[in-house]
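Commentary on secondary and tertiary structure
The chain contents come next:
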Amino acid sequence: MALKTIGPKAAAALDEELMSTGSFSVYQLIELAGLAVAQAMFKLSPPSQSPNILVACGPGNNGGDGLVAARHLHYFGYKPTMYYPKQGKNELYQRLRTQLEQLKVPFTDDFHAALSKSDWVIDGIFGFSFSGEVREPFPAVIKALAESKIPILAVDAPSSWNIEEGPPSDGPGKDYQPGALISLTAPKPLVKWFKGRHFIGGRFIAQEVAEKYGFDVPPYQGSDQIVEIDT
Ligand SMILES: NC(=O)C1=CN([C@@H]2O[C@H](COP(=O)(O)OP(=O)(O)OC[C@H]3O[C@@H](n4cnc5c(N)ncnc54)[C@H](OP(=O)(O)O)[C@@H]3O)[C@@H](O)[C@H]2O)[C@@H](O)CC1
Ligand SMILES: [K+]
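So, a few notes on the structure that sits alongside this text. (Residues numbered from 1 in each chain as written. Chains lettered and ligands numbered in written order. Predicted model: local features only at pLDDT ≥ 70, side-chain atom pairs only at ≥ 80, totals over all residues. Heavy atoms only, no water.)

Okay, the site of ligand 1 next. Near ligand 1 you find 23 residues, and of these D15, D65, S129, E133 and D156 are the closest. Take K86: an N or O atom from its side chain is 2.9 Å from an oxygen atom of ligand 1. Between ligand 1 and the protein, one listed contact pairs a nitrogen atom with a backbone N or O atom of E133 at 2.6 Å. Elements with a contribution of two residues or more to the shell around ligand 1: α1 (8-19), α2 (26-44) and α3 (61-76). A breakdown of the residues in the shell around ligand 1 according to their chemical character gives 10 nonpolar, 7 polar and 6 charged. (Near = heavy atom within 4 Å. Polar contact = N/O pair within 3.5 Å; in protein donor to acceptor, adjacent residues only side chain to side chain. Helix = DSSP H or I, 4+ residues; strand = E, 2+ residues; numbered from the N terminus. Nonpolar A, V, L, I, M, F, W, Y, C, P; charged D, E, K, R; others polar.)

One can find L44 in helix α2. Of the residues examined, L44 reaches a relative accessible area of 13% and is grouped as buried. In this structure, the C-alpha to C-alpha distance between L44 and L153, residues 109 residues apart in sequence, is 8.8 Å. With residues up to four places along the chain from it excluded, the contact list for L44 reads W120, L153, A180, R197 and F199. (Buried < 20%, exposed > 50% of the residue type's maximum accessible area, 1.4 Å probe, protein only. Contact = heavy atoms within 4.5 Å.)

Another aspect to go through is the side chain of S45. Here S45 shows up in the loop between α2 and β1 (52-57). Apart from the residues within four sequence positions on either side, S45 is in contact with S50, Y78 and W120.

On to the environment of A114, then. Along the polypeptide, A114 turns up in helix α5 (residues 111-116). Spatially, the C-alpha atoms of A114 and V55 are 9.8 Å apart, while their sequence positions differ by 59 residues. Aside from chain neighbours lying at most four places away, what touches A114 is L54, T81 and T108.

Glancing now at the coordination of the potassium ion (ligand 2). The protein atoms donating to the potassium ion (ligand 2) are N62 (OD1), D123 (O), F126 (O), V155 (O), A157 (O) and S159 (OG), with metal-donor distances spanning 2.7 to 3.0 Å. Metal-centred angles of 72 to 166° between the 6 donor atoms at the potassium ion (ligand 2) mark the site as irregular. Sequence positions of the residues that donate to the potassium ion (ligand 2) give the spacing N-x60-D-x2-F-x28-V-x1-A-x1-S. With a gap of 61 residues between them, N62 in helix α3 and D123 in strand β4 (residues 120-124) connect regions that are remote in the sequence. Judged by its relative accessible area of 8%, N62 is buried. (Donors = N, O, S within 2.8 Å, 3.2 Å for Na, K, Ca; no water. Tetrahedral: all angles 85-135°; square planar, octahedral: opposite > 155°, others 65-115°.)

The element β1 is extensively covered by neighbouring structure, given that 5 of its 6 residues are classed as buried. As paired elements, β1 and strand β2 (residues 79-83) share 5 bridges and run parallel to each other. Within β2, the position partnered with I53 by the bridge is P80. This β-α-β element, β1 to α3 to β2, shows right-handed connectivity. The pairing of β1 with β4 spans 5 bridges and is classified as parallel. Bridged to L54 within β4 is V121. (Pairing = 2+ DSSP bridges. Right-handed = clockwise from strand over helix to strand, strands pointing away.)

The next subject is the pairing of strand β6 (residues 180-184). Buried residues dominate β6, accounting for 5 of its 5 residues. The alternating pattern of β6 places A180, I182 and L184 on one face and L181 and S183 on the opposite face, and all of these are buried. Pairing geometry for β6 and strand β7 (residues 197-201), over 5 bridges, is parallel. Along β7, the bridge assignment pairs A180 with R197.

The terminal C-alpha atoms of α1, which comprises 12 residues, lie 17 Å apart, in line with the 16 Å expected from a rise of 1.5 Å per residue. A11, L14, E17 and L18 are the residues of α1 that are buried. One face of α1 carries all of its buried residues, which in axial projection span an arc of 125°. Residues of α1 that are exposed and point more than 90 degrees away from the buried face comprise K9 and E16. Structurally, α1 contributes buried residues whose contacts are with α2 and α7 (207-213). (Expected span 1.5 Å × (residues − 1). Arc of directions from axis to C-beta.)

Structure (structure tokens):
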């Protein structure tokens, strides 16, 4: 049976509906999404095996998920390092950054040096609002991710992939195939081209909302914020 997915327009509409009719704040959604990302990381490799996690964050909410995930990773026992070259305007991002700085989580400008010292990378650069060609300063970062042998957990989408059409046929993300992906709330159409371990997170969708948008709430167990599914 084909996995039910939601496209970028439906995903953005769902976000809007959660925050209007659903009365959620973006703070809550990002917090729960980021917690799910951190849990997926723990499931993939605990801090005893891979303490050094490079968290690459973009300017939107995908980056916000990365900032929150890093805070939880710190408390889980990892040593996250942040690469956050283009901070978005929303005041929320500054709050999340300050929370990390207070924990002495380092922020670096040198992505390549940080990558060489990492055990895993979390790709929180672009999510469902990415479109077009990758703009500066991210092409070199995406290229390094595509070429790296270090395992990667992508948040909601492998950054630079077209949300509906998958991996780009050209450009820095041409050969980018991360080993793990966590789809938030529901998989996006690009999962058709994804070959690694696949988790779903974002445990804040009521059954009737999922039905309205045409996807399934996965079978979360106990207090888990994530479910691993077959790709
Ligand atoms: N309900 C859910 O599922 C929830 C989902 N959540 C998460 O939010 C994510 C969606 O977040 P989002 O809408 O803020 O946008 P996102 O994908 O982070 O990136 C957009 C930014 O990237 C940039 N940009 C775009 N194209 C570019 C290019 N070609 N080259 C370079 N830059 C480019 C552009 O910035 P600009 O360059 O315009 O300043 C824009 O601001 C979603 O995937 C999930 O992870 C949860 O946190 C909450 C609950
Ligand atoms: K991403």
